[in-house]
Amino acid sequence: MFVCFFLLFHSDGKVQRGMLQRGMSMHEVRFASSNFFGDDFSHYGPEFNCLGFTLYWDYNNSMDSIPMVGYVFHSRDTAPLDLLSPSLIGVPKIFLTHESPAHEPTTDQKWMANFNIIVSYHRSRSANEFFFPYFQTSASTFDQPMKYEFEDKTFDIGFGHSNCDAQPRTAIVQNLRKHVYVDCYGTCLNNRPVIPYGDDELHKFKIIIAIENSLCEDYISEKILTAYNNDAIPLIASKNRVP
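For the structure given in this document, a descriptive report is provided here. (Residues numbered from 1 in each chain as written. Predicted model: local features only at pLDDT ≥ 70, side-chain atom pairs only at ≥ 80, totals over all residues. Heavy atoms only, no water.)

Let's talk about the sheet that holds strand E8 (residues 155-159)
(1) Moving on: What the 4 strands build is an open sheet, ordered E9-E8-E10-E11; its pairing is parallel. Of all the strands in the sheet, just strand E9 (183-184) and strand E11 (233-235) have a single pairing partner and so form its edges.
(2) Moving on: With 2 bridges connecting them, E8 and E9 associate as parallel partners. Of the residues in E9, the one forming a bridge with glycine 158 is aspartate 183. (Pairing = 2+ DSSP bridges. Helix = DSSP H or I, 4+ residues; strand = E, 2+ residues; numbered from the N terminus.)

Here it is, written out as structure tokens:
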């Protein structure tokens with residue numbers, strides 16, 4: 001998890017020295033977070049070990065007796081007033097996003113200067129940025145026997161998205177439909193009964209359109225895995241000839 005990388009990033013002793021100066025234990029630390037996360041991280045704990053620390057994810061920001069070594073803001077609920085909270089003075093601020101720059105303020109350098117650490121899918125080489133992909137993969141992710149023989153699949157091309165405002169994805173699919181039949185099983189451009197995410201019916205498609213809602217550098221979500229997990233060929237779009 002990226003919070004372990006954060007502690008490693010501070011292995012020069014900044015966190016430890018600060019805790020000693022305040023008379024705090026060096027063995028228990030916590031990360032607090034803004035309200036967007038709810039209890040999404042509770043499955044990591046309530047505690048887990050990281051680099052010799054017992055690390056708590058305090059999604060309610062209620063564990064006052066344990067030193068806070070970082071506050072995680074999600075890009076969807078980061079407000080200026082939150083950054084000015086007296087309880088966060090001197091606490092490293094971490095900006096976490098898996099959204100594309102088209103929908104987030106990540107291109108606003110003045111705004112991003114408020115944060116000590118940036119955690120995202122972007123493969124940046126900056127010292128204060130961590131690469132934290134949308135999903136974890138390995139060679140075995142894509143090297144699995146097919147559950148269904150390709151010849152037995154009954155549908156050709158599937159498109160299962162709900163956001164019709166996403167361009168150029170919608171325009172690409174609309175143009176494709178002028179030439180071949182596309183089963184649009186999501187609410188966008190729908191022409192057949194909706195197929196829920198993860199439904200076994202998706203295994204019947206030979207090709208699944210996995211175009212992202214924004215064509216941005218390094219941005220990739222679970223859509224391509226949906227195709228692979230259903231033994232389908234993913235149809236993607238590229239920017240400047242770079243997938």
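Looking at the packing of aromatic side chains
(1) Moving on: This model, assessed by the stated rule, comprises 3 aromatic pairs.
(2) Moving on: Consider the rings of tyrosine 185 and phenylalanine 205, whose centres lie 5.2 Å apart with planes at 35 degrees: the pair is tilted. Remark: phenylalanine 205 occurs in strand E10 (residues 205-209) and tyrosine 185 occurs in the loop between E9 and E10; sequence separation between them is 20 residues. Across the pair, phenylalanine 205 and tyrosine 185 agree in class, each one buried.
(3) Moving on: Taken together, Phe155, Tyr185 and Phe205 form an aromatic cluster joined through their ring pairs.
(4) Moving on: Looking at arginine 192, its charged tip hangs above the ring of phenylalanine 155, at a distance of 5.0 Å from the centre. (Phe/Tyr/Trp six-rings, centres within 6.5 Å; stacked < 30°, edge-to-face > 60°. Buried < 20%, exposed > 50% of the residue type's maximum accessible area, 1.4 Å probe, protein only. Lys NZ or Arg CZ within 6 Å of the ring centre and 35° of its normal.)

So, the pattern of salt bridges
(1) Moving on: Scanning the entire structure with this criterion turns up 5 salt bridges.
(2) Moving on: Note that arginine 192 and aspartate 183 form a salt bridge whose closest N and O atoms lie 3.6 Å from each other. The same class applies to arginine 192 as to aspartate 183, namely buried.
(3) Moving on: Here lysine 223 and glutamate 212 are joined by a salt bridge, their closest N and O atoms 3.5 Å apart. Separated by 11 residues along the polypeptide, lysine 223 in helix H7 (residues 223-229) and glutamate 212 in the loop between E10 and H7 bring together distant segments of the chain.
(4) Moving on: Judged by relative accessible area, which is 15%, lysine 223 ranks as buried.
(5) Moving on: Sharing partners across several salt bridges, the network here consists of Asp183, Arg192, Glu201 and Lys204. (Salt bridge = Lys/Arg side-chain N within 4 Å of Asp/Glu carboxyl O.)

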